[in-house]
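# Structural characterization, general
For reference, the chains in residue letters:
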Amino acid sequence: MPELPEVEIVKRGMEGAMLGPAIKTLRLNRPDLRYPFTQGMEKAVKGRAVEGLERRGKYIITHLKGALALVLHLGMSGSVRIFNAGEAYTPALHDHAVFTLDNGGSVALNDPRRFGFLLMYKGGAWQNSSPFSAMGPEPLGNSFSGPVLAERLAGRKAPIKPALLDQTVVAGLGNIYVCEALYEAGISPLRPAGDLKTKECEALAASIRNVLTRAIEAGGSSLRDYRHTDGGLGCFQHSFSVYDREGQACPACAAAKVKCDVTRIVQAGRSTFYCGRRQH
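Residues numbered from 1 in each chain as written. Predicted model: local features only at pLDDT ≥ 70, side-chain atom pairs only at ≥ 80, totals over all residues. Heavy atoms only, no water.

### Points about the overall build of the chain
- Tallying secondary structure elements over the chain gives 7 helices and 10 strands in all.
- For a compact globule of 280 residues, the expected C-alpha radius of gyration is about 19 Å, and the chain comes in at 20 Å, within 12% of that figure.
- Here the contacts in the chain between residues at least 6 apart in sequence split such that 64% fall between residues at least 24 apart.
- Of the side-chain charges in the chain, 35 are positive and 26 negative, and the distance between the mean point of each set is 3 Å. (Helix = DSSP H or I, 4+ residues; strand = E, 2+ residues; numbered from the N terminus. Rg over C-alpha atoms; globule rule 2.2 N^0.38 Å. Contact = heavy atoms within 4.5 Å. Lys, Arg positive; Asp, Glu negative; His and termini not counted. Charge placed at Lys NZ, Arg CZ, Asp CG, Glu CD.)

In structure tokens:
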């Protein structure tokens, strides 16, 4: 599933293509994805200009003129294909929603597994719906810091790794980047979340920001289905320190010429990778 950096990259691609033009048509090629498409959405969006796009957690919100919002989630295998003005749209299998714009461009939502969704809301109603109403702070936003993280983790007995995957603690974090941030901060994924000290929370918040920022700069991580809106691949997978590196030396231990092997365990049904020598 695309995590925050991948969703941010897709949002930026959509922004470049959709911001400004009006939607000429929306064609839905099936009645539903994970959920049924909002009734009347095709008619409602017709002729409305796109005024802005934002990312909240792992979701993309497209704001249309006239106080309408489209909420997109890419699910496990969703992707967005952009066809700029003058570039003909070429239909593909699993293109379930296709926007045509009045500048001649097209935007297609492709989702082979159909775990994603596209829903329409009036005004700011999306903010009061699930999961947004309970979502934690944006890790790249001004409201996220070490003290804020410490407050959100206080009293939690669950290990820090699955705690960070809880979207009510911090928005947008996923398995890859939590593993990488914990490694960078030198914190064991087995530590009870509520036991982290203030300085550790500050180090972890800084590591989360750093890892996410570097991943966005690298275009995200392409492991299975994720692609940019132009079809390109992300490169951050070539910079993993521990994720998917079981049995290999982590960068710090390799540089120090100290023997260590990255360990893989399962926490809350998800694979966790860490260096037992560096992370405590």
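### Some words on the pattern of salt bridges
- With the rule as written, the count across this model stands at 12 salt bridges.
- In this structure, E8 and R55 form a salt bridge, with 2.9 Å as the shortest nitrogen-oxygen distance. Of the two residues, E8 sits in helix α1 (residues 4-18) while R55 sits in strand β2 (residues 50-56), which places them 47 residues apart along the sequence.
- Owing to a relative accessible area of 12%, R55 belongs among the buried residues under this scheme. (Salt bridge = Lys/Arg side-chain N within 4 Å of Asp/Glu carboxyl O. Buried < 20%, exposed > 50% of the residue type's maximum accessible area, 1.4 Å probe, protein only.)

### Examining the sheet that holds β2
- The sheet built from 4 strands is open, its strands ordered β2-β3-β4-β8 with antiparallel pairing. Each edge of the open sheet is held by one strand with a lone partner, namely β2 and β8 (117-122). The sheet shows a mean angle of 20 degrees between the axes of neighbouring strands, taken without regard to direction.
- Of the pairings in the sheet, the one linking β2 to strand β3 (residues 59-64) comprises 6 bridges and is antiparallel in character. Bridge pairing in β3 places R55 opposite I60.
- Contacts between α1 and the sheet are confined to β2, β3 and β4 (68-73), with β2 contributing the most and set at about 175 degrees to the helix. (Pairing = 2+ DSSP bridges. Axes fitted to C-alpha atoms, helices over the stretch in contact; angles between N-to-C directions.)

### What about the side chain of N175?
- As for its position among the elements, N175 is in helix α5 (residues 175-185).
- Under the relative-accessibility criterion, N175 is labelled buried at 3%.
- Within the structure, N175 has its side chain in polar contact with the side chain of K161 (distance 2.6 Å).
- Filtering out sequence-adjacent residues up to four positions away, N175 remains in contact with E3, K161, L165, Y243, R270 and S271. (Polar contact = N/O pair within 3.5 Å; in protein donor to acceptor, adjacent residues only side chain to side chain.)

### What to know about the packing of aromatic side chains
- One pass over the structure, following the stated rule, counts 9 aromatic pairs.
- Considering the side-chain rings of Y59 and F132, the 5.0 Å spacing of their centres and the 65 degrees angle between planes classify their relative orientation as edge-to-face. With Y59 in strand β3 and F132 in the loop between β8 and α3 (146-153), this pair connects stretches of sequence that are 73 residues apart. The same class applies to Y59 and to F132, which are both buried.
- Among the aromatic residues, those joined into a ring-pair cluster are Y35, Y59, F117, W126 and F132.
- The cationic tip of R278 hangs over the ring face of Y183; the distance from NZ or CZ to the ring centre is 4.6 Å. (Phe/Tyr/Trp six-rings, centres within 6.5 Å; stacked < 30°, edge-to-face > 60°. Lys NZ or Arg CZ within 6 Å of the ring centre and 35° of its normal.)

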